[in-house]
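Here is what each chain is made of, one letter per residue.
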Amino acid sequence: MGIRTYRPAESYFDRFSRSVGGPTGTPAPSPSPASATGGTKFTSGDNTYHFYVNDAFAPAPAEDKTFTLSSGTLINVLVIGGGGGAQGDGSGGGGAGGVVHAVNMPVSPGTFTATVGQRGDNNPISSGSDSTFVDPAGPVTLTGLGGGAGKDSNPGSGGGSGGGGGQTNDPAGAGNQPNQNANLPYVTNYGNPGGDGSPSDEGGGGGGAGAAGVPAGSDPTSGDGGAGQPFTFMPGPQLYADMPSGLQTELGTAWRDALGPTGLMAGGGGGGDDGDATPYGEPGPGGGGNGGPGSSGVNYTGSGGGGGTSSPNTPGGQGGHGIIVVYYPT
């Protein structure tokens, strides 16, 4: 399980007559069905989904990032930051973007803004950027932090989930997502630290939404990336089959396969190695990149890139872009 913040159910605060619960002793009113436009909208199973991907990156025009609710009082939102990149030369793996899952978020009709975090780079090395979903009427901002970068000969960067530490003996980055989105009782956060680097030439694994990155051991073991977190409302094969063809093209079959039937997302990148015949760091399930010759995290899963080798010196992988999904019963 990932490190999570959770607050027991309680009466939601009054947001200018937007309270879900009534006065003490009064049953909460039945929620009205949601109806909305924005992003790429489609129906799958019992839910209607709005996907925000590359058209919701930070530089995009505002109209490409809007979610407009015409009716309804409750929605569900998944926000995942961009995954961290990883360097070469035996670096740690990139950390996954932080994950926010808001269930029965109290809302009223209006226009919201979804901004998707982009992946971290491998050269020059960078962490992923944050994803945000903003309800200006609340005001409420849901923030999924970008994943921390995996470093060579340096500590991993902190992020939603932390990047793995590099060789030699460099510490991993912290998983900072659990500290986000305070005082929102309908929110659960997922984020974990990376794994430390080894005394020799192996990097630690990047943290994933569902588990911490694995520390590198004594030669010849690199750290595996932390596993992603499953989300049962995001079954990759079923959603992929039901979504419009343009979104299928953008996401690709790698996205479908990374999620699988359990909806795994935000895996950490595997740690790099010294390039000998020993095993490289395995990718975190849910889209993380392989260590070794480092591969990139799967886009739109918020996963971390894999660390590269030192002999020969091969580059690490980029992180995977983040994603925002709004969904509600059809």
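To be clear, the structure that these remarks concern was listed above.
Predicted, not measured: the structure shown is a model, and the values here were computed from it.

Caption draft 1: Structural view of the sheet that holds strand 5 (residues 66–71). In space, the 5 strands of this open sheet follow the order 2-5-8-9-10, with antiparallel pairing throughout. Single-partner strands in this sheet number two, and they are strand 2 (35–37) and strand 10 (140–144). Going from strand to strand, the sheet's axes swing by 20° on average, the running direction of each strand aside.

Caption draft 2: Representation of the environment of Gly94. Tracing the backbone shows Gly94 in the loop between strand 6 (74–80) and strand 7 (99–106). Along the primary structure Gly94 and Gly128 are separated by 34 residues, whereas in three dimensions their C-alpha atoms are 9.1 Å apart. Setting aside chain neighbours within four positions, we find Gly94 in contact with Gly84, Gly85, Ala86, Gly148, Gly150, Gly163, Gly206, Gly268, Gly269, Gly304 and Gly305.

Caption draft 3: Examining the pattern of salt bridges more closely. For the structure on display, the rule yields 1 salt bridge. With its nearest N and O atoms 2.9 Å apart, the salt bridge here joins Arg256 to Asp257.

Caption draft 4: Main features of the packing of aromatic side chains. For the coordinates displayed, the defined rule picks out 11 aromatic pairs. Ring centres of Tyr49 and Phe51 lie 6.3 Å apart, and the angle between their planes is 65°; this geometry places the pair in the edge-to-face category. As far as burial versus exposure is concerned, Tyr49 and Phe51 are alike and both buried. An angle of 90° between the planes, with centres 5.5 Å apart, marks the rings of Tyr190 and Phe231 as edge-to-face. Of the two residues, Tyr190 sits in strand 11 (residues 187–190) while Phe231 sits in the loop between strand 12 (229–230) and helix 1 (236–242), which places them 41 residues apart along the sequence. With respect to burial, Tyr190 and Phe231 carry one shared label: buried. These aromatic residues form a ring-pair network of at least three members: Phe42, Tyr49, Phe51, Tyr190, Phe231, Phe233, Trp255 and Tyr327. The ring of Tyr240 carries Arg256 above its face, with NZ or CZ at 5.3 Å from the centroid.

Caption draft 5: Up close: the nonpolar core. In this structure, Phe51, Ile75, Phe133, Leu142, Met234 and Trp255 are the most contacted members of the largest nonpolar core, which totals 54 residues. Sorting elements by how many residues they give to this core places strand 14 (residues 323–329) first, with 6 residues. Excluding anything up to four places from it in sequence, Leu142 contacts Val77, Val79, Val100, Ala102, Met105, Ser131, Thr132, Phe133, Asn181, Leu184 and Val187.

Caption draft 6: Here's a closer look at the pairing of strand 9 (residues 131–135). Alternating residues of strand 9 divide into Ser131, Phe133 and Asp135, all buried, and Thr132 and Val134, none buried. In the sheet, strand 8 (residues 110–115) pairs with strand 9 via 3 bridges, with the strands oriented antiparallel. Across the sheet, Ala114 pairs through a bridge with Phe133, a residue of strand 9. Taken together, the 5 bridges between strand 9 and strand 10 define a ladder with antiparallel strand orientation. Bridged to Phe133 within strand 10 is Leu142. Taking the residues between adjacent antiparallel strands as the criterion, strand 9 and strand 10 are bridged by 4 residues.

Criteria and cut-off values
- Residues numbered from 1 in each chain as written.
- Predicted model: local features only at pLDDT ≥ 70, side-chain atom pairs only at ≥ 80, totals over all residues.
- Heavy atoms only, no water.
- Pairing = 2+ DSSP bridges.
- Helix = DSSP H or I, 4+ residues; strand = E, 2+ residues; numbered from the N terminus.
- Axes fitted to C-alpha atoms, helices over the stretch in contact; angles between N-to-C directions.
- Contact = heavy atoms within 4.5 Å.
- Salt bridge = Lys/Arg side-chain N within 4 Å of Asp/Glu carboxyl O.
- Phe/Tyr/Trp six-rings, centres within 6.5 Å; stacked < 30°, edge-to-face > 60°.
- Buried < 20%, exposed > 50% of the residue type's maximum accessible area, 1.4 Å probe, protein only.
- Lys NZ or Arg CZ within 6 Å of the ring centre and 35° of its normal.
- Core = buried A, V, L, I, M, F, W, Y, C linked by side-chain atoms within 4.5 Å.

Functional significance is not addressed by these values, which are geometric in nature.
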